[in-house]
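# Per-entry structural report
Here are the chains, one letter per residue:
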Amino acid sequence: MSQYRTFNADDAVAYAQQFGGLDNPSELVSAQEVGDGNLNLVFKIFDTQGVSRIIVKQALPYVRCVGESWPLTLDRARLEAQTLVEHFKHSPQHTVQILHFDPELAVMVMEDLSDHRIWRGELIANRYYPQAARQLGEYLAQTLFHTSDFYLHPHQKKAQVAQFINPEMCEITEDLFFNDPYQIHERNNYPAALEADVAALRDDAQLKLAVASLKHTFFSHAEALLHGDIHSGSIFVADGSLKAIDAEFGYVGPIGFDIGTAIGNLLLNYCGLPGHLGIRDAASAREQRLTDIQELWNTFAERFQALAVEKTRDSALSTPGYASQFLQKVWTDAVGFCGSELIRRSVGLSHVADIDTIRDDDMRHDCLRHAITLGKALIVIAPRIHSAEEFIARVRQYG
Ligand code: SR1
Ligand code: MG
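Residues numbered from 1 in each chain as written. Chains lettered and ligands numbered in written order. Predicted model: local features only at pLDDT ≥ 70, side-chain atom pairs only at ≥ 80, totals over all residues. Heavy atoms only, no water.

Turning to the overall build of the chain, a few remarks are in order. Within the chain, the regular secondary structure consists of 14 helices and 12 strands. In summary, the chain has a C-alpha radius of gyration of 21 Å against a globular reference of 21 Å for 399 residues, a match within 12%. Considering the chain as a whole, with its 399 residues, one finds that 56% of them fall into the buried category. Taking the intrachain contacts of the chain between residues at least 6 apart in sequence as the baseline, contacts between residues at least 24 apart amount to 72%. Summed over its atoms, the accessible surface of the chain is roughly 16,500 Å², and 50% of this surface lies on carbon and sulfur atoms. Here the chain contributes 35 positively and 52 negatively charged side chains, and the mean placements of these two sets differ by 3 Å. (Helix = DSSP H or I, 4+ residues; strand = E, 2+ residues; numbered from the N terminus. Rg over C-alpha atoms; globule rule 2.2 N^0.38 Å. Buried < 20%, exposed > 50% of the residue type's maximum accessible area, 1.4 Å probe, protein only. Contact = heavy atoms within 4.5 Å. Areas by Shrake-Rupley, 256 points an atom, 1.4 Å probe, with all protein chains shown as cover. Lys, Arg positive; Asp, Glu negative; His and termini not counted. Charge placed at Lys NZ, Arg CZ, Asp CG, Glu CD.)

Structure below.
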């Protein structure tokens, strides 16, 4: 029988004392539940000095932001912990460290990152971390290369696909990214002022064909072990440091999905900045976001290419020129997935604070329209955008 029970603060403290790996576990005395995401309980565990020392995270058997009417697999805690453990092997500087996990209780204990801040909040507040975009590119190159067919033996790769089968979490992405925004659905969430813009999504046959192709790629291209939800709210930053967290959507999928999600969230910030800083003051912060996108992709592509030259084990995949041909395909996928992230975060269930926290209604609606327009364009013209530089030129074209 399942041992699962939902933790309260006392349970979380006792669990951290047992599994936190501290020399003196009785120092851990209190906990605060700080989860502000869509899905889980997150406890900070404090010592006698009131210093946060460790994190205990537990999956709930339903979608937290919706309620018990939307049940959700507890196996996502195993998938999250195992994805992060695997990513930590390949990018320890940029992945949160998992200290312990228990699949029955759907709970994990992880390092405390209280000296870091969530990147999304920092981007909204216009606090700049000069190394973050390159560090994210490095994280993505290391984790995605080392879990791909370029590096793994074919037997290992197939075992990895089996280990990370994640149908319920993938279904959320399949629905929220590729279905809901293009049909009338009760989960959709957008202001009435945008009704015409959203109706136009449903009527755009060319767009819907391109979205169908993206969804098919998401279904069927088992290229590498993805983070699966690598938006700026799943990333902690500090001076010179970046750490990915929250990998419960991890599965073996198309590399361009992780890249596109990451770039898409920088672009959502780009769209929202005028609502926080005013149009004139947003200009330089927006230029910085475009540079971030360029640095992220160029770092990823250079590092992946270098790893391919140095470490590809498969004789066919090591054919000169193949890695760069593959990266061109990854880029095209990434631009399309980036566009779908812009649209689903504007009209679907789950939004981003970069735009949602803009107080002025007209300004917020303008920013949402901008994200939708950009998203549509990127999805449709992805095959005609060949580099980060061309991408930036296209973004500028759309305001
Ligand atoms: C029901 S979950 C909604 C969204 O939150 C997560 O962070 C993922 O981005 C998911 O799409
Ligand atoms: Mg998450």
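Picking up where we left off.
What follows concerns the site of ligand 1. The environment of ligand 1 is formed by N38, L39, V63, W70, L176, D229, H231, F249, R344, R345, L349 and S350. Within the side chain of D229, a nitrogen or oxygen atom sits 2.7 Å from an oxygen atom of ligand 1. R345 places a side-chain nitrogen or oxygen 3.1 Å from an oxygen atom of ligand 1. Against a free-state accessible area of 310 Å², the protein chains account for coverage of 94% of ligand 1. (Near = heavy atom within 4 Å. Polar contact = N/O pair within 3.5 Å; in protein donor to acceptor, adjacent residues only side chain to side chain.)

So, about the packing of aromatic side chains. When we look at a pair of aromatic rings, we describe it by the centre distance and by the angle of the planes. Counted under the stated rule, the structure contains 21 aromatic pairs. On the basis of an interplanar angle of 35° and a centroid distance of 6.2 Å, the ring pair of F145 and F150 is categorised as tilted. Exposure remark for F150: the relative accessible area of 3% places this residue in the buried category. Taking the centre distance of 5.7 Å and the plane angle of 70° together, the rings of W331 and F391 count as edge-to-face. Taken together, the positions of W331 in helix α11 (residues 322-347) and F391 in helix α14 (residues 388-397) put the pair 60 residues apart, joining distant regions of the chain. Members of the aromatic cluster, connected to one another through ring pairs, are F145, F150, Y151, W297, F300, F304, Y322, F326, W331 and F391. A cation over a ring is seen here: R286 above Y270, with NZ or CZ 4.2 Å from the ring centre. Over the face of the ring belonging to Y151 we find R313, whose NZ or CZ atom lies 4.1 Å from the ring centre. (Phe/Tyr/Trp six-rings, centres within 6.5 Å; stacked < 30°, edge-to-face > 60°. Lys NZ or Arg CZ within 6 Å of the ring centre and 35° of its normal.)

Bringing the side chain of T299 into the picture now. Checked against the element boundaries, T299 lands in helix α10 (residues 279-311). Sequence-distant contacts of T299, defined by excluding residues within four places in its chain, comprise R134, G137 and E138.

Turning to the environment of G233, a few remarks are in order. Summarising the element assignment, G233 is placed in the loop between β9 (224-225) and β10 (235-238). Separated by 101 residues in the primary sequence, G233 and A132 have C-alpha atoms spaced 13 Å apart. Not counting residues within four places of it along the chain, the set of residues in contact with G233 comprises I118, R120 and I245.

A word on the sheet that holds strand β11 (residues 241-244). A sheet is described by the order of its strands in space; here 3 strands give the open sequence β8-β10-β11, paired in antiparallel fashion. Each end of this open sheet is capped by a strand with a single partner; those strands are β8 (117-118) and β11. As defined by bridge partners, β10 adjoins β11 across 4 bridges and the pair is classed as antiparallel. The residue bridging I235 from the neighbouring strand is A244, located in β11. In the packing of helix α4 (residues 132-146) onto the sheet, the strands contacted are β10 and β11, and the crossing angle to β11 comes to about 45°. (Pairing = 2+ DSSP bridges. Axes fitted to C-alpha atoms, helices over the stretch in contact; angles between N-to-C directions.)

All right, on to the side chain of H231 then. With respect to the helices and strands, the residue H231 is situated in the loop between β9 and β10. There is a polar contact of 3.1 Å between the side chain of H231 and the side chain of R120. Excluding residues within four positions of it along the chain, H231 makes contact with R120, T261, N265, E341 and R345.

When cut into domains, the chain gives domain 1 (9-111) and domain 2 (117-397). On a C-alpha basis, the centroid separation for the pair domain 1 and domain 2 is 26 Å. With both sides pooled, the region where domain 1 packs onto domain 2 buries about 2,300 Å², and carbon together with sulfur makes up 61% of that total. If you sort the residues of domain 1 by the area they bury against domain 2, H87, H90 and H94 come out on top, with a joint share of 28%. Taken together, the connections running from domain 1 to domain 2 amount to 2 salt bridges. Notably, a salt bridge pairs R76 with E248, separated by 4.0 Å at the nearest N-O pair. Inspection of the domain 1/domain 2 interface yields 12 residue pairs in polar contact (both at pLDDT 80 or more). It is helix α2 (residues 75-90) that provides the largest number of residues to the side of domain 1 that touches domain 2, a total of 10 residues. (Domains from an automatic or database assignment. Buried area = accessible area lost by both parts, 1.4 Å probe. Salt bridge = Lys/Arg side-chain N within 4 Å of Asp/Glu carboxyl O.)

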